[in-house]
Structures are given as C-alpha cells and as structure tokens.
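Fold and geometry: a report
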Amino acid sequence: MPISPQNPNAIKINLVTKENLASLDKTELFESLKFKGNYKQIVFLPESKQIFVGVSLDISNKVFDPFFKVDFFNLGAVIINSLAKTKITQIQLEYVDSATEFNSKNLQDLVLGMMQASWNFDTYLDTKKAKTKQLEISLNSSFDGLLDPNKITEIEIFNTNLNLVRTLVESIPEDVNPESMMKLIQENLGNKSNLKLELWDAQKLQENKLNSVMFVGRASRYQPTLVHATLTPKGEIKHKICLVGKGVTYDSGGLDIKTEGHMKTMKTDMAGSATMFGIIKTLAEIGLENTEIHWISAFAENMVAPNSYKADDVITSYSGQTIEILNTDAEGRLLLADCLSLATTFNPDYIIDAATLTGACVVALSERYTALMSNDKQFSDSLFSHFVAENENAAQVILPQDLKEEVAGTISDLINTSKVGRQAGHITAGLFLGHFVDQKLFRNPDIKLENPKEFSWVHLDIAGSAFNNKKNSIEHNGATGQSLRSIVSWVRGLDG
Ligand code: BES
Ligand code: ZN
Ligand code: ZN
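What you see is a predicted model; the values in this text were computed from it and never measured. (Residues numbered from 1 in each chain as written. Chains lettered and ligands numbered in written order. Predicted model: local features only at pLDDT ≥ 70, side-chain atom pairs only at ≥ 80, totals over all residues. Heavy atoms only, no water.)

**Focus on the site of ligand 1**
- Every one of the 15 residues lining ligand 1 counts as a neighbour, but Lys258, Asp269, Asp329, Glu331 and Gly359 are closest to it.
- One of the side-chain N or O atoms of aspartate 329 is found 2.8 Å from an oxygen atom in ligand 1.
- In this structure, threonine 356 approaches ligand 1 through a main-chain N or O atom, which is 3.4 Å from a nitrogen atom.
- Considered on its own, ligand 1 offers 520 Å² of accessible surface; in the complex 75% of this is hidden by protein.
- Considering only residue class, the shell around ligand 1 consists of four nonpolar, four polar and seven charged. (Near = heavy atom within 4 Å. Polar contact = N/O pair within 3.5 Å; in protein donor to acceptor, adjacent residues only side chain to side chain. Areas by Shrake-Rupley, 256 points an atom, 1.4 Å probe, with all protein chains shown as cover. Nonpolar A, V, L, I, M, F, W, Y, C, P; charged D, E, K, R; others polar.)

Take a look at the structure:
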C-alpha cells in the first residue's frame, strides 16, 4: 500500500501560495532563498525535512489557452524530480494553503503524478542502475476526508496501467511484435471475468478480408494479428464505445524506407494500441455500470523484404473501398482503415481511435500536443473538455471538407497520401480515415448493412504526445501514457 497515514520520518511537503507565504513565519529564510510561492518554485530544507512548493500562477495576462492553469499531476512529478538525486523515498503531504481550494481530484492527480515520476523504464538496465524508486507516500491527517480507500485503489490502477502503456511503448520490437502482443494481451486481460477476448491470426485476417492489414504486415518475420476485446458492464447496456489503436510494432517505412534519424523511435509506432490496451484494462478493473467497451487493434510490422507491399499496389480494403499506395510509409492509416470499418460493424455510439499517425502533427503542434479531429462537434467538445480537466495537452483541429478531394484517387477510391503533399498532413490523414467510419461508402458484399450510416468518431493523432524527446508532464523523456486519463475520464462521465 503506497499511500499510508502519517509518517514521522517522511519529508514534509507544503504547497503554498504567494498570498499566504507571510503566515508561515519563514519570511527571512524565503527571502534569502528568493522563494516567492510562484507555481513550481521549490525549496528543500533538508535540516527540517521540509519542502515548500509554490502554487501561485499569474493568469492575469490575456491568453487563450485552456491548459494554462495549475496542474497537480505535473506538480507531483516536479516534486519527485526535485528529489531525484537524493535517496529520499518517504514523503508526506503536510500542508496545502487554503487559497488553492485543494480537492479530492487535485490530491489524486498529485499522488499519481508523484508515482508516475518515480517510475522509470528499467527493463534493459542493470538492476544496480535502475532508476525506479519505491515511494512511500503518506498524508497528514488533515487530508483524511479527501481520499477514501476506493480512490486509493483507483490511483494504483491508473499507475499500474500507465506503466504498462509506457513499458509497451518503450520495449523493443523483439519483445513487442504482432506475435508477442497476443501473449501479452492474454496475460493481462485473459483472467478478467468482465472481459471477452478474440485474438485473430493472419489466416483469420485473410479470411475476413482485412487486406490493408495483411499488405502492411506481409514483409515481416511476424504475421499480422488482431485483438477484439469486449468489456461488459455490470448493469443494462446503455452506451457502446469502440476504441481503435494503431499497432505498428515497428515502422521502418517499408520500401519507402525512412532515412537516417527518422527510423529511430519507430518502436513506439504501436502507442495507439498500447494506450487503448491500458484504457480497457483500467476500465475493466474500475468497472462500468452501463457502458460496453470494445477495443480493436491490428498489429503489423512495416518492413522491407522481397514480398513487401509497394507504391503502385491497389488494395481493396475491408470496407471494399480501394486504396492506391503512393507511399509505403503511410501504413498506419491502412491498418486503421480496416479496424475502423470493423468497429462500425458493432454499431457503437462512439468510436475513438489513437495513432502515432503523422510527422505533420508534430510539426504543426509540437511533440507535446495530441491533435483531436472529429466528424461530430458535440463529441469532440465533450472529449476535449476531459483532456483539459486532466491537463493532457490536446488541440482540436477541424477536418475541412474542401480538403477531402486531396485524398481521392484517380484509378482507385482513395490514395494513401495526399495531393497537397506535406501540407496539413495530419488533417489529410484524418480525412482519409473518415471514409472508414461512413458505412454509406462501404462496398464489401460480406459486410451486411441494414441501415448504413456515418458513425460519431474522434481521431487522436498522438505522433508527438505518445513519446517525448524533451521533458514531458512527468518531467521525463520517453513514453508518456498521455490520453489514457482523459479517455477513461470521458468514458466514466458518459457511464454516469
Ligand atoms: N509512424 C509515422 C508517423 C510518425 C512520425 C510518428 C514521427 C511519430 C513520429 C507514420 O507511419 C509515417 O511515417 N507517416 C508519414 C506519412 C507520409 C508518408 C504521408 C509521415 O508523417 O511522414
Ligand atoms: Zn510510416
Ligand atoms: Zn507509422
């Protein structure tokens, strides 16, 4: 149990605002240390075993940025990282200035941020060099009412599953590939009574005509695979959500091979599927009342071999729509196309996909932001509001209808790149995907459609946000687990 009652040996953490700094009777000391109570300012007083953390953020300037606010998750990480060079593992939240109106959600975020920052991806390190710290977090009794045992269990569930996502994203393709993913899913989800698993091998993919998946994965040592997990709620089913994640376990670019430097980090190209994996596991462990969740991901490795798929191929996707390949490095949208079409056959109320889809997204929004695109404003606004509440950076990006023409083919329905080249590459990729949540465009006679319709859908391009080269919200570089908390929060909001 990492969160315990008062611990006399622990380092005490005090969150203070500018306004009430004077009331702490340490004016001279704070002045000498230039500590003013500004947001994220930290002073550590080892002799008295105290840490003072500023939480005053000046928001008087005119800014249009919903993320410009105090983020307790990040603050928790900042505190832990300030102790990185020490051996300290026992810390206690001692005092929070009343001016912060600190609530239960803030406390959960703070504790989770601390836990996340204390965890490092150590799989391939000598245990002597491992950086993960076993934190012992305790709370002063004044916080007793803010965290009941259920909330503590929830924090632990989030922490474990964020670490699962981060581990999968950081692990090398020898360990995370289309074959091993099936085992990892079985191990992690196979024993849950509210979850049903369907695991497809390449033969099943072929029989069901998920041709786009098969084309992308065919040059690999590992045959493509697919997971369809279904989470059943405790009560009557009132909502149905389908989660889809890009599962390219390595993206060499294929025959349009990535040039120097761009291949590095492409082990992370399955982050969308890892995120959805973590989300359905979190939801299964917390439990839902009235919402059924489906998770679909196809796994494939985009490699180079004599049987690689190539520019000039025309693929008949699972939906029946044909796609001319112009670049084998635009493989993610092919996998997603088949998975999104398959998702529609379960008739969900909402579809969310997450994918490390385009370099253009990183260029447009930086590595910190997820691009949120949708065909449904209400859905988009509602999901976005949870990104804001969770302080997970995202930006709503429109899908302009007059760019739709740019993904249309000449000898096929669609092309897998865009006629405007690199311009707005994240948007043209989103427009491409939109064709696979609209059953009115389907023409695979095997898919029986009584009332073909267009589904409410959000596409999350996490090319930047899934893996950061610079320090992220937990002040580390590497896999982030970003979007998991926001999507879980949105689902739970819908569930009631
Ligand atoms: N996996 C990449 C996108 C990516 C780039 C993710 C950088 C994370 C960081 C994707 O498959 C890709 O290569 N996309 C191409 C598409 C282009 C060929 C139309 C891109 O963005 O350059
Ligand atoms: Zn690619
Ligand atoms: Zn890719």
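**Some points on the coordination of the zinc ion (ligand 2)**
- In this structure, Asp251 (OD), Asp329 (O), Asp329 (OD) and Glu331 (OE) serve as the protein donors to the zinc ion (ligand 2), at separations of 2.0 to 2.2 Å.
- One can describe the site at the zinc ion (ligand 2) as irregular: its six donor atoms subtend angles covering 73 to 168 degrees at the metal.
- Separating the zinc ion (ligand 2) from the zinc ion (ligand 3) is a gap of 3.2 Å, bridged by aspartate 251, which donates to each. Remark: glutamate 331 occurs in the loop between strand E13 (322-324) and helix H9 (332-344) and aspartate 251 occurs in strand E10 (residues 247-251); sequence separation between them is 80 residues. Per residue, the accessibility class of aspartate 251 equals that of glutamate 331, and both read buried. (Donors = N, O, S within 2.8 Å, 3.2 Å for Na, K, Ca; no water. Tetrahedral: all angles 85-135°; square planar, octahedral: opposite > 155°, others 65-115°. Helix = DSSP H or I, 4+ residues; strand = E, 2+ residues; numbered from the N terminus. Buried < 20%, exposed > 50% of the residue type's maximum accessible area, 1.4 Å probe, protein only.)

**Details of the side chain of serine 486**
- Assignment of secondary structure puts serine 486 in helix H13 (residues 484-495).
- Excluding residues within four positions of it along the chain, serine 486 makes contact with Leu383, His386, Phe387, Glu390 and Glu392. (Contact = heavy atoms within 4.5 Å.)

**A closer look at the coordination of the zinc ion (ligand 3)**
- Protein-derived ligands of the zinc ion (ligand 3) are Lys246 (NZ), Asp251 (OD), Asp269 (OD) and Glu331 (OE), with the metal-ligand distances lying across 2.0 to 2.4 Å.
- Of note is the zinc ion (ligand 3), whose six donor atoms meet at the metal with angles of 78 to 174 degrees in an arrangement that counts as octahedral.
- Positions of the donor residues of the zinc ion (ligand 3), expressed as sequence spacing, correspond to K-x4-D-x17-D-x61-E.

**Notes on the packing of helix H8 (residues 271-286) against H13**
- One way to put it is that H8 packs onto H13 with a least axis distance of 10 Å and a crossing angle of 45 degrees. In terms of axis orientation, H8 runs oblique to H13. In terms of crossing hand, the pair formed by H8 and H13 is right-handed. Contacts between H8 and H13 pair Thr275, Met276, Gly278, Ile279, Thr282, Leu283 and Ile286 from the former with Leu484, Ile487, Val488, Val491 and Arg492 from the latter.
- A breakdown of the residues in the contact of H8 with H13 according to their chemical character gives eight nonpolar, three polar and one charged. (Axes fitted to C-alpha atoms, helices over the stretch in contact; angles between N-to-C directions. Parallel < 35°, antiparallel > 145°, perpendicular 65-115°, else oblique. Left-handed = near helix turned anticlockwise from the far one by under 90°.)

**Structural notes on the sheet that holds strand E2 (residues 11-16)**
- Here we have six strands laid out as an open sheet, ordered E1-E6-E5-E2-E4-E3, and mixed in their pairing. Looking at which strands have only one partner, the edges of the open sheet turn out to be strand E1 (3-4) and strand E3 (42-45).
- Examined bridge by bridge, E3 and strand E4 (residues 50-54) share four bridges and lie antiparallel to one another. From the neighbouring strand, valine 43 faces E4, where its bridge partner is phenylalanine 52.
- Strands E1, E2, strand E5 (90-96) and strand E6 (136-139) of the sheet are contacted by helix H3 (residues 104-118), whose axis makes an angle of about 160 degrees with E6. (Pairing = 2+ DSSP bridges.)

**Quick notes on the packing of aromatic side chains**
- Here the structure, examined in full by the defined rule, presents 12 aromatic pairs.
- Between phenylalanine 30 and phenylalanine 35, the ring centres sit 5.0 Å apart and the planes meet at 55 degrees, which makes this aromatic pair tilted.
- Take phenylalanine 30: its relative accessible area is 2%, and that puts it in the buried class.
- Where phenylalanine 121 meets tyrosine 124, the ring centres are 5.5 Å apart and the plane angle is 80 degrees; that geometry is what we call edge-to-face.
- The exposure class assigned to phenylalanine 121 is buried, which follows from its relative accessible area of 18%.
- What makes tyrosine 124 partly exposed here is its relative accessible area of 43%.
- Among the aromatic residues, those joined into a cluster by ring pairs are Phe30, Phe35 and Phe52.
- In this structure, arginine 218 is placed above the aromatic ring of phenylalanine 215, and the distance from its NZ or CZ to the ring centre is 4.7 Å.
- It is lysine 453 that lies over the ring of phenylalanine 455; its NZ or CZ is 4.8 Å from the centre. (Phe/Tyr/Trp six-rings, centres within 6.5 Å; stacked < 30°, edge-to-face > 60°. Lys NZ or Arg CZ within 6 Å of the ring centre and 35° of its normal.)

**Examining the side chain of threonine 291**
- Assignment of secondary structure puts threonine 291 in strand E11 (residues 291-302).
- Separated by 2.8 Å, the side chains of threonine 291 and aspartate 495 make a polar contact.

**A look at the sheet that holds strand E17 (residues 414-415)**
- Within the open sheet, the three strands sit side by side as E12-E13-E17. Their pairing is mixed. Strands at the two margins of the open sheet, each flanked by one partner only, are strand E12 (314-316) and E17.

**Things to note about H13**
- Compared with the 16 Å implied by 1.5 Å per residue over 12 residues, the 16 Å span of H13 between its first and last C-alpha is a close match.
- Along H13, nine of the 12 residues are buried, which leaves the element largely enclosed by surrounding structure.
- Buried within H13 are the following residues: Leu484, Arg485, Ser486, Ile487, Val488, Ser489, Trp490, Val491 and Asp495. (Expected span 1.5 Å × (residues − 1).)

**Focus on the pattern of salt bridges**
- This model, assessed by the stated rule, comprises 21 salt bridges.
- One salt bridge connects lysine 128 with aspartate 126, and the closest N-O pair in it is separated by 3.6 Å.
- The exposed category is assigned to lysine 128, whose relative accessible area is 74%.
- By relative accessible area, which is 37% here, aspartate 126 ends up partly exposed.
- Two residues, glutamate 285 and lysine 281, come together in a salt bridge whose shortest N-O distance is 3.2 Å. Here the residue glutamate 285 and the residue lysine 281 both occupy positions in helix H8, the gap between them amounting to four residues, near one helical turn.
- Using a relative accessible area of 28% as the deciding quantity, one classes glutamate 285 as partly exposed.
- Overall, lysine 281 belongs to the buried group, its relative accessible area being 7%.
- Through salt bridges with shared partners, a single ionic network connects Lys105, Asp109, Glu390, Glu392 and Arg485. (Salt bridge = Lys/Arg side-chain N within 4 Å of Asp/Glu carboxyl O.)

This is a description of form; function is not addressed.
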